Amino acid sequence: MSKVAVVYWYQTGNTQAMAEAVAEGAGAEAVDVADFSADKVADYDAFAFGCPAMGSEELDPDFEETWNDCVPEFGGKKVALFGSYDWGTGEWMETWKEAAEGAGVNVVDTVIANLEPDDEALETLKALGAKLAE
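Described in the following lines is the structure provided in the data block. (Residues numbered from 1 in each chain as written. Predicted model: local features only at pLDDT ≥ 70, side-chain atom pairs only at ≥ 80, totals over all residues. Heavy atoms only, no water.)

All right, on to the state of the cysteines then. According to the stated counting rule, one finds zero disulfides in the structure shown. Between cysteine 51, a cysteine without a disulfide, and cysteine 70, which holds the nearest cysteine sulfur, the sulfur-to-sulfur distance is 13 Å. By relative accessible area, cysteine 70 is classed as buried at 0%. (Disulfide = S-S within 2.5 Å. Buried < 20%, exposed > 50% of the residue type's maximum accessible area, 1.4 Å probe, protein only.)

In structure tokens form, the structure reads like this:
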């Protein structure tokens, strides 16, 4: 079983609920991005990073700084991306995924939720956590 890091940033709690669902499925703990850094990447086999859409469909700057520091450390490890949004179409996730893949990140899946994740989204997130832990 892989050791999974579930790292997230939240503002209203929606992305935190998503992180907790991924962590449950992975048998891991969700960690606030403020408590994670690139020097911890080597301690894990797989990752789920979560951030809601901010501003005009972008990542939170503090989250993005940690994310950018971690990207060169991932190697071929599995990485999933998740987050919630309130407006738009979820474009920030497509932009994030494309940038990650362009930087060589092995993005295995993405999950988004409009506002609070519903039961279906939470089940999808738990399954994602289990997939990362395989």
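Next comes the rest of the description.
Turning our eyes to something else, we now look at the pairing of strand 4 (residues 78–85). The buried fraction of strand 4 amounts to seven of the eight residues, a majority that puts the element mostly inside the structure. Bridge count between strand 3 (residues 46–50) and strand 4: five bridges; the pairing is parallel. Note that in strand 4 the partner of phenylalanine 47 across the bridge is valine 79. Crossover connection from strand 3 via helix 2 (residues 61–70) to parallel strand 4: handedness right-handed. Examined bridge by bridge, strand 4 and strand 5 (residues 106–114) share eight bridges and lie parallel to one another. (Helix = DSSP H or I, 4+ residues; strand = E, 2+ residues; numbered from the N terminus. Pairing = 2+ DSSP bridges. Right-handed = clockwise from strand over helix to strand, strands pointing away.)

Moving on, we come to the sheet that holds strand 5. As summarised here, the arrangement of the five strands in space is 2-1-3-4-5, forming an open sheet in which the pairing is parallel. Edge positions in the open sheet fall to strand 2 (30–32) and strand 5, since each of these has one partner strand only. Across the sheet, the mean angle separating the axes of adjacent strands is 20° when strand polarity is ignored. Strands in contact with helix 1 (residues 14–26) are strand 1 (4–8), strand 2, strand 3, strand 4 and strand 5; relative to strand 4, the strand with the most contacts, it is inclined by about 150°. Against the sheet, helix 3 (residues 91–102) makes contact with strand 3, strand 4 and strand 5, and its axis sits at roughly 160° relative to strand 4, the strand it touches most. (Axes fitted to C-alpha atoms, helices over the stretch in contact; angles between N-to-C directions. Contact = heavy atoms within 4.5 Å.)

A few words now on the side chain of threonine 66. Tracing the sequence through the fold places threonine 66 in helix 2. Take threonine 66: its relative accessible area is 14%, and that puts it in the buried class. Those residues within four positions of threonine 66 in sequence are excluded, and the remaining contacts are Val33, Phe36 and Ser37.

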